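Structural overview for review
Listed here are the chains, written in short residue letters.
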Amino acid sequence: GAGVSQTPSNKVTEKGKYVELRCDPISGHTALYWYRQSLGQGPEFLIYFQGTGAADDSGLPNDRFFAVRPEGSVSTLKIQRTERGDSAMYLCASSWDHNSPLHFGNGTRLTVT
Amino acid sequence: AQRVTQPEKLLSVFKGAPVELKCNYSYSGSPELFWYVQYSRQRLQLLLRHISRESIKGFTADLNKGETSFHLKKPFAQEEDSAMYYCALRSAGGGNKLTFGTGTQLKVEL
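Residues numbered from 1 in each chain as written. Chains lettered and ligands numbered in written order. Predicted model: local features only at pLDDT ≥ 70, side-chain atom pairs only at ≥ 80, totals over all residues. Heavy atoms only, no water.

Re the sheet that holds strand 3 (residues 19–21) of chain B
Residues and elements named next belong to chain B. Basically, it comes down to this: Any two strands between which DSSP finds at least two bridges are classified as paired. Secondary structure is summarised from DSSP: a helix means a run of H or I of at least four residues, a strand means a run of E of at least two, and numbering begins at the N terminus for each.
With antiparallel pairing, the three strands of this open sheet are ordered in space as 3-8-7. Both outer strands of the open sheet, strand 3 and strand 7 (60–61), are each paired with one neighbouring strand and no more. Relative to strand 8 (residues 72–74), strand 3 is paired through three bridges, and the arrangement is antiparallel. Residue pairing across strands places L21 opposite L72, the latter belonging to strand 8.

Rendered as structure tokens:
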């Protein structure tokens, strides 16, 4: 079956602009995660959804970052007033529940110029 | 705070040679450790988890609480093992909120 799908695969934006990154999890997976991976680093946790609600958003770096999952399936990560430091690979992952294995998407590479 | 350290950015071995990818962690409680792998042009995927005590693709990893290590080992490297390997830690009750290391690029040469 289809895996976790992330769109776009690449996004180039100018400093100060607003961007949205989309994640379509595996059907039936109730848990959804966003991670960010900077060059030369491992993935870093941003936020976790259980169903429609954000169960843990402790990894969001500041209030420019926001994520939603209104119907408990697709999620959108929103970044306002982008900064060059936001440039990274943004990974989405989903799982049946909070403890079952994670399935990652291919990521969205965000470049802020 | 929990931390995962992978001291080697790059490990190069010859085909058929043993492989050991190092992973050390710091965590005050009882962690669960994982190895994730990313092959070229593929997505990050789970390789193995310590609680399963299994061998996947010939790889094994033993949690050593005394040395706070979870090294990944394989007795005979294969060309298809070339990939990026990440060690990750889950804190007690942490679910899939994982702390990853910086990764080790394994290159198996012929």
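Some remarks on the pattern of salt bridges
Side chains that differ in charge, positive against negative, can pair when their charged atoms come close. Our working rule: Take a side-chain nitrogen of Lys or Arg and a carboxyl oxygen of Asp or Glu: if they are within 4 Å of each other, that pair is a salt bridge. Burial here depends on accessible area, computed with a 1.4 Å probe over protein chains only, as a share of the maximum for the residue type. Under 20% is buried, over 50% is exposed, and the range in between is partly exposed.
Per the stated rule, a full pass over the model turns up nine salt bridges over all chains. With a closest N to O distance of 3.1 Å, E32 of chain B and R49 of chain B form a salt bridge. Of this pair, E32 of chain B sits in strand 5 (residues 32–38) while R49 of chain B sits in strand 6 (residues 45–49), and the two are 17 residues apart along the sequence. The exposure classification of E32 of chain B matches that of R49 of chain B, with both residues buried. By sharing partners, the salt bridges in this structure join R64, E83 and D86 of chain A into a single network.

Examining the pairing of strand 9 (residues 88–95) of chain A
All names here are of chain A. The element strand 9 is extensively covered by neighbouring structure, given that eight of its eight residues are classed as buried. Residues A88, Y90, C92 and S94 line one face of strand 9 and the alternating positions M89, L91, A93 and S95 line the opposite face, and both faces are buried. Relative to strand 11 (residues 108–112), strand 9 runs antiparallel, the two being bridged by three bridges. Looking at strand 11, one finds that Y90 is bridged to T108. Pairing analysis gives two bridges linking strand 9 to strand 10 (residues 103–104), with the strands arranged antiparallel. Paired with A93 across the two strands is F104, which belongs to strand 10.

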